[in-house]
Amino acid sequence: MSVYQQIADDLRERITSGDLRPGDDVPTEGELAARWRTSRGPVRNALALLRAEGLVESTRGRPSRVAARTVRHPVDTSVPFTRWAREIGARPGARTQSVTLHRVDGDRARLLGVDPGDLVVDVLRLRTLDDRPTMLERLTYVEDVGRLLLAEDLDAVSITEVLLAHGYDVGDVDHEIDAVAADEDDARLLEVPTGSPVLRLRRFSWSGGRVFEAGDDRYRSDVVRFTVATTGRRRPTGPHFVRPVGR
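Model, not experiment: these values are computed from the prediction.

1. Structural notes on the packing of aromatic side chains
Step number 1: Tallied over the entire structure, the rule returns two aromatic pairs.
Step number 2: The interplanar angle of 65° and the centroid separation of 5.4 Å between the aromatic rings of Phe 81 and Trp 84 together place this pair among those described as edge-to-face. Here Trp 84 and Phe 81 lie together in helix H4 (residues 81-87), a separation of three residues that amounts to about one turn.
Step number 3: A relative accessible area of 3% means that Trp 84 is categorised as buried.
Step number 4: Consider the rings of Tyr 168 and Phe 212, whose centres lie 5.9 Å apart with planes at 40°: the pair is tilted. Of the two residues, Tyr 168 sits in the loop between helix H7 (159-165) and strand S7 (172-181) while Phe 212 sits in strand S9 (residues 210-220), which places them 44 residues apart along the sequence.

As structure tokens, this is what we get:
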């Protein structure tokens, strides 16, 4: 293995392990050359490789630094956060803020297909990637489904997997994406300024012909970007297509 590949591998490991975090300065070319007992040529090649991988960024007049990590999240399929995080090589985490059983109001009752005043279960949970606040999820479940979660440690389990074990296999998921201003809870838990833009993914999960879950997931826009893959013959119209707000 060439020297520049060894340097790149060492820096990559320090970045992925968290020893070097987003925004941290990478050791200078001179420091790396001295450490590896080499000229600056291999060091520059190593840094160029890491820039191509999106791990470091450079600006004139200052050392290279670890780039802010932005990952892609597919929205055309239903992928549990925990499984998605592991697939991209990140460590998923959960910090449950509240789990409440209460009576639902008219608007959310309509979305869930239940009567106003029926009992539902709300979950507010912060999701992290490698301990970095990434997404705040607000989940509402119809009563019989939500009660299955009341005895669970939601910091330690995948809700999707818990429900699947009880026979609630997601048949269909409707997604809607927009951007909203971070409210006080968003700002405090996601560690962003109040009013800053966050990406919102609203989803409705169906099983057995009924909606059993309504989700309002808010992502830090500097950490996650959404992707949609299209396959087969594309159609210019239909409910799947982009449509203007208010139409």
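2. What about a nonpolar patch on the surface?
Step number 1: On the surface, Val 99, Leu 101 and Leu 150 cluster together to form a nonpolar patch covering roughly 220 Å² of accessible area.
Step number 2: Within the secondary structure, Leu 150 sits in the loop between helix H6 (143-146) and H7.

3. Things to note about the pairing of strand S6 (residues 132-142)
Within a regular strand, the side chains alternate between the two sheet faces.
Step number 1: Taken across its eleven residues, S6 has ten buried, putting it largely inside the fold.
Step number 2: Where S6 lies against S9, seven bridges are found, and the strand directions are antiparallel. Along S9, the bridge assignment pairs Leu 139 with Gly 215.

4. Notes on the confidence of the model for the protein chain
Step number 1: Overall, the prediction assigns the protein chain a mean pLDDT of 84, with 87% of residues at 70 or greater.
Step number 2: For the protein chain, per-element mean pLDDT is lowest for strand S3 (residues 71-74), which scores 61, and highest for strand S5 (residues 119-129), which scores 96.

5. Quick notes on the pattern of salt bridges
Step number 1: By the definition in use, this model includes 26 salt bridges.
Step number 2: As a salt-bridge pair, Arg 125 and Glu 137 come within 2.5 Å of each other at their nearest N and O atoms. Here Glu 137 lies in strand S6 and Arg 125 lies in strand S5, a separation of twelve residues in the sequence. Residue Arg 125 shares its accessibility class with Glu 137, and that shared class is buried.
Step number 3: Within this structure, Arg 138, Glu 176, Asp 178, Asp 183, Asp 186, Arg 200, Arg 202, Asp 216 and Arg 218 form a network of salt bridges that share partners.

Reading guide: rules and limits
The numbering scheme is per chain: residues are counted from 1 as the chain's sequence reads. Selection of residues for local features in this predicted model requires a pLDDT of at least 70, selection of side-chain atom pairs for listing and counting requires 80 or more, and totals for whole chains, interfaces and linings are taken over all residues. Based on all heavy atoms of the structure, the side-chain values leave hydrogens and waters out of the count. Each aromatic pair joins two rings of Phe, Tyr and Trp (for Trp, the six-membered one) with centres within 6.5 Å, and gets the label stacked for planes under 30 degrees apart, edge-to-face for over 60, and tilted for any other angle. Helix and strand assignments follow DSSP, with helices taken as H or I runs no shorter than four residues and strands as E runs no shorter than two, numbered in order from the N terminus. The rule is simple: take the accessible area with a 1.4 Å probe, protein chains only, and divide by the maximum for that residue type; under 20% is buried, over 50% is exposed, in between is partly exposed. Nonpolar side chains (Val, Leu, Ile, Met, Phe, Trp, Tyr) are joined into patches within 5 Å and like charges within 9 Å, using only residues with over 30% relative accessible area and no salt bridge. Method for areas: the Shrake-Rupley scheme with a 1.4 Å probe, in which residue coverage is limited to the protein chains shown. For this analysis, a salt bridge means a side-chain nitrogen from Lys or Arg found within 4 Å of a carboxyl oxygen belonging to Asp or Glu. Two strands pair if DSSP finds at least two bridges between them. Confidence of the prediction at every residue is given by pLDDT, a number between 0 and 100.

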